[in-house]
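Single-letter residue listing:
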Amino acid sequence: MARFLITLPGRADGGRGARPAFPDSVTDLRQAFGPFDHLAQVGRAAEIAGFHGALAPFDPEGDESLVVAAGLLRQSRRLRAVAGFHPGIATPVYAAKVSASLQRFSGDRLDWRIAVDLDPAVARAQGDFLEGPDRYARAEEFLTVAKGVWSEEDYTYEGRFYQVLAGGFQSPLAGRAFPRIHLSGTSKEALELSARHADVHVFDPEDDIEAASLPGVAYGLRIPVLARDDDDEAWEAARRLWTHGGRTAESLPDPDPRTRLWRGFPPSGSSGALPGASFRNGLVGSFETVAAGIRDYIDRGVGVFFLEATPYIEETYRLGERLLPLLAKEDVRVR
């Protein structure tokens, strides 16, 4: 059966306006509503609305995803949290230790979404100067070492990027479920890495899914959606999204007649108002139309969907109440 997760904002809205004036008798001047309150509300909406989990995406200018995931796990009872990060953030031993602690506290509800092939400028701003195939070689070692210290008490590893001597977790960190690994990419190196390490390989809407061959790996899709009661209402909302930032309604792109995809969604973490922004493909239409588009991907073997929709709280409830029931009994085709 297909699983549906909501995508959290990388940069939560914490109501960053001016702090109101309080009388001298008030001693606790912390914000009444901050960024993590917003994230908690999105997570609560996802749980109430019937989503299986939520993705805290890697955003180089946003909140740290492992911290966001920890907050989500603390505020929920059954949601899985998928934390997006790249292998350069820490040693694999430290990343595994943090994650083992989160598994203990949450009942094994943490997953990883590893971002390997970053834009070079973004990677260098993060202190990462590896390029090309070396990024995948490091990711291979990162996952190998993380799994090794997780499952072996006396673990030693000697590689190009990491070395461990007589490491490995013991009680209380030992014995937890290792996070499910989500990887992506369509290059030869990306697919080979997924074949060895991924539980889920995440595609973009325009990728040639049929060209990939990953036996034993679930296929995922990260896709923006805009769904309303009927197609006309959805396209009116799409026009407002498109014209936000100064674009004209006349320049509104048409959906691809073959794939139903509309290339008008702004980049992740962006309002789309930036000049030269690279827009993304997604689905627009009535709940029935969007459900039909998702069914097409299910028929192609996709079983895990990371849906994106803004504003986050309102759209999470809307999709849970109106879209997910249309897809509740969809079975994934065995590849």
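In case you missed it, the structure is sitting above this.
Only a predicted model underlies this, so the values are computations on that prediction, with no experimental measurement involved.

A.B. asks: Would you take a moment to explain helix α1 (residues 35-49) for this structure?
C.D. replies: Along an α-helix, residues three or four apart share an orientation, since each turn contains 3.6 residues. The end-to-end C-alpha separation of α1 is 21 Å, in line with the 21 Å expected for 15 residues at 1.5 Å each. Three or more residues of α1 are buried, namely His-38, Leu-39, Ala-40, Val-42, Gly-43, Ala-45, Ala-46, Glu-47 and Ala-49. Along its buried surface, α1 packs onto β1 (3-7), α2 (65-75) and α9 (312-323). Gly-50 sits one or two residues past α1 and shows a positive phi near 95°.

A.B. asks: What's the story with the packing of α1 against α9 in this structure? I'm lost.
C.D. replies: If you want to describe how two helices pack, look at the angle between their axes and the distance between the axes. For the pair α1 and α9, interaxial distance at closest approach is 9 Å and the crossing angle is 5°. Between α1 and α9, the angle is such that the two are roughly parallel. Side by side, α1 and α9 meet where His-38, Gln-41, Val-42, Ala-45, Ala-46, Ile-48 and Ala-49 of the first sit next to Tyr-312, Ile-313, Thr-316, Tyr-317 and Gly-320 of the second.

A.B. asks: Is there a simple way to think about the pattern of salt bridges in this case?
C.D. replies: Between side chains of opposite charge, a pair can form as their charged atoms come close. Counted according to the given criterion, the structure contains 17 salt bridges. Measuring nitrogen to oxygen at the nearest pair gives 2.7 Å for the salt bridge that ties Glu-140 to Arg-196. One end of the pair, Glu-140, is in helix α5 (residues 133-151); the other, Arg-196, is in helix α6 (residues 188-197), with 56 residues separating them in the sequence.

A.B. asks: Explain the pairing of strand β11 (residues 280-286) to me, please; I cannot follow it from the model alone.
C.D. replies: Each regular strand shows side chains that alternate between the opposite faces of the sheet. With respect to burial, β11 is a largely interior element, six of its seven residues being buried. With four bridges connecting them, strand β9 (residues 218-228) and β11 associate as parallel partners. Within β11, the position partnered with Ala-227 by the bridge is Gly-285.

A.B. asks: Explain unusual backbone geometry to me, please; I cannot follow it from the model alone.
C.D. replies: Peptide bonds are mostly trans, and most non-glycine residues show a negative phi. Cis geometry is adopted by the peptide bond preceding Pro-172, which originates at Ser-171 and carries an omega value of 10°. Take Pro-172: it is sitting in the loop between β6 (163-167) and β7 (181-184). In this structure, the amide linkage connecting Thr-310 to the following residue, Pro-311, adopts the cis form with an omega of -5°. Considering the arrangement of structural elements, one finds Pro-311 in the loop between β12 (302-308) and α9. Although it is not a glycine, Ala-166 sits at a positive phi angle of roughly 50°. With respect to the helices and strands, the residue Ala-166 is situated in strand β6.

Conventions adopted
Residues numbered from 1 in each chain as written. Predicted model: local features only at pLDDT ≥ 70, side-chain atom pairs only at ≥ 80, totals over all residues. Heavy atoms only, no water. Helix = DSSP H or I, 4+ residues; strand = E, 2+ residues; numbered from the N terminus. Expected span 1.5 Å × (residues − 1). Buried < 20%, exposed > 50% of the residue type's maximum accessible area, 1.4 Å probe, protein only. Contact = heavy atoms within 4.5 Å. Axes fitted to C-alpha atoms, helices over the stretch in contact; angles between N-to-C directions. Parallel < 35°, antiparallel > 145°, perpendicular 65-115°, else oblique. Salt bridge = Lys/Arg side-chain N within 4 Å of Asp/Glu carboxyl O. Pairing = 2+ DSSP bridges.

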